[in-house]
Amino acid sequence: MATHAVVNQAPPRVDVDEYATNTALLEGVERYDAGWAHHQLHLTGQRVGAASFPSDAAMANRVEPVLRTHDRYGNRIDDVEYDDLPAGTDAGSIAPGA
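We now turn to the structure provided with this report.

Calculation criteria
Residues numbered from 1 in each chain as written. Predicted model: local features only at pLDDT ≥ 70, side-chain atom pairs only at ≥ 80, totals over all residues. Heavy atoms only, no water. Helix = DSSP H or I, 4+ residues; strand = E, 2+ residues; numbered from the N terminus. Buried < 20%, exposed > 50% of the residue type's maximum accessible area, 1.4 Å probe, protein only. Contact = heavy atoms within 4.5 Å. Areas by Shrake-Rupley, 256 points an atom, 1.4 Å probe, with all protein chains shown as cover. Salt bridge = Lys/Arg side-chain N within 4 Å of Asp/Glu carboxyl O. Pairing = 2+ DSSP bridges. Patch = residues over 30% accessible without salt bridge, like charges linked within 9 Å, V, L, I, M, F, W, Y side chains within 5 Å.

Let us now look at the overall build of the protein chain. Across its full length, the protein chain carries three helices and two strands. For the protein chain, buried positions account for 13% of its 98 residues. A fraction of 47% describes how many contacts in the protein chain between residues 6 or more apart in sequence connect residues 24 or more apart. Of the roughly 7,800 Å² of accessible surface on the protein chain, a fraction of 55% belongs to carbon and sulfur atoms.

For the rest of this paragraph, the subject is the pattern of salt bridges. Here the structure, examined in full by the defined rule, presents three salt bridges. Among the salt bridges present, the one from Arg 13 reaches Glu 18, with a minimum N-O distance of 2.7 Å. The exposure class assigned to Arg 13 is exposed, which follows from its relative accessible area of 51%. Across the pair Asp 78 and Arg 76 runs a salt bridge whose closest N-O atoms are separated by 3.0 Å. The class for Arg 76 is exposed, based on a relative accessible area of 57%.

Our next topic: the pairing of strand β1 (residues 66–70). Moving residue by residue along a regular strand, the side chains alternate between the two faces of the sheet. Sheet topology places β1 next to strand β2 (residues 76–81); four bridges connect them, and they run antiparallel. Looking across to β2, one finds that His 70 is bridged to Arg 76.

On the surface, Leu 67, Val 80 and Tyr 82 cluster together to form a nonpolar patch covering roughly 330 Å² of accessible area. Mapping Val 80 onto the fold places it in strand β2.

Below, the structure is given as structure tokens:
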């Protein structure tokens, strides 16, 4: 049952390249001679700006990572275990190669 129309909210940001729309970030990348990273930053901006990203990110944050400092023999390993994301989610690979 609808009670009223909500008109004071910004439209959802979906299917945009968040890198390309961030003028300050673009200028900073150029100013500090990191233009070599434009292609990868555009790909990352497209992933982050995808319509499915907010729900994938929320799903990825349901279970906190677990730090394992030692194996069962007492050897130091400093390993982090992450919850496996369901197939099709992309939040686990925001910036591939990073």
